[in-house]
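Secondary and tertiary structure notes
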Amino acid sequence: MTNPPALSAALSYTLCISKQHRERMILEMNLYEAEMVTENGSEQINVVAPSHERSIDFIREYYRQTGVRVTKIVTRRIDTELKGRDRLRLDDLLHTAPICFAAYCPPIGWLADQTATLPLRLFKIEVSGKLADFVVAPNTDVASAVWAASLMPFEGEVRQFNILDGALGLTEHQRKCLSSVLGFGPAGIATWDGEEGWTVRSPG
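We now turn to the structure provided with this report. (Residues numbered from 1 in each chain as written. Predicted model: local features only at pLDDT ≥ 70, side-chain atom pairs only at ≥ 80, totals over all residues. Heavy atoms only, no water.)

**Topic: the side chain of Glu33**
Along the chain, Glu33 falls in strand 2 (residues 30-38). Once you skip the residues sitting within four places of it in the chain, Glu33 turns out to touch Gln44, Ile45, Asn46, Val74, Thr75, Arg76 and Ile78. (Helix = DSSP H or I, 4+ residues; strand = E, 2+ residues; numbered from the N terminus. Contact = heavy atoms within 4.5 Å.)

**Let's talk about the sheet that holds strand 4 (residues 70-77)**
Sheets are built from strands paired through backbone hydrogen bonds, the pairs being either parallel or antiparallel. The 5 strands lie next to each other as 4-2-3-5-6, forming an open sheet whose pairing is antiparallel. Taken across any chain shown, the strands that pair with only one partner, and hence form the sheet edges, are strand 4 and strand 6 (109-112). Averaged over all pairs of adjacent strands, the angle between strand axes in this sheet comes to 40°, irrespective of strand direction. Looking at chain direction, strand 5 (residues 100-105) and strand 6 are connected through 4 bridges and run antiparallel. Across the sheet, residue Ala103 finds its bridge partner in strand 6, namely Leu111. Most of the contacts of helix 2 (residues 52-66) go to strand 4, to which it runs at about 145°, and overall it touches strand 2, strand 3 (41-49), strand 4 and strand 5. (Pairing = 2+ DSSP bridges. Axes fitted to C-alpha atoms, helices over the stretch in contact; angles between N-to-C directions.)

Written out as structure tokens, the structure reads:
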């Protein structure tokens, strides 16, 4: 897999979010069945994501980084249809997994597919031109969601922020210490300490 390209410019986001929306964004994940057509033929996979749109975005981003062209994706939510042993460990998966591919493995049940994940990167969140937080995430969309989930905003509050390549401006020592964080995760808010190095906490 090739390394993702660096951000050539800051990406601007406007956040208007209620506490209720924030809670749904953290807790509600669904299971989708995706049928897609690639240059290698037809494939069927399962994706854990909060919406149809995010499942499609995740699939496109993963295959873009693997160099495979996807021409068609159709998703269908299936967690509401599964019953009995077909739901084994599904609730645990939906409450703990990030956006990811998933597989049903009898007799174990539903598991996150750890062999097919997007590489993590370090992003920098700036508000009014000043550093607000570092975020570890696979892409800017997830980075913005992670940062939003870490906030405790007033209902209807609007926040504007920029997302930049977090590696820019780091010291050589900070860059070297990033490898273990980006290699093993998790996605979340990253903090640098001169003695302890990088630590990452999940949002919420």
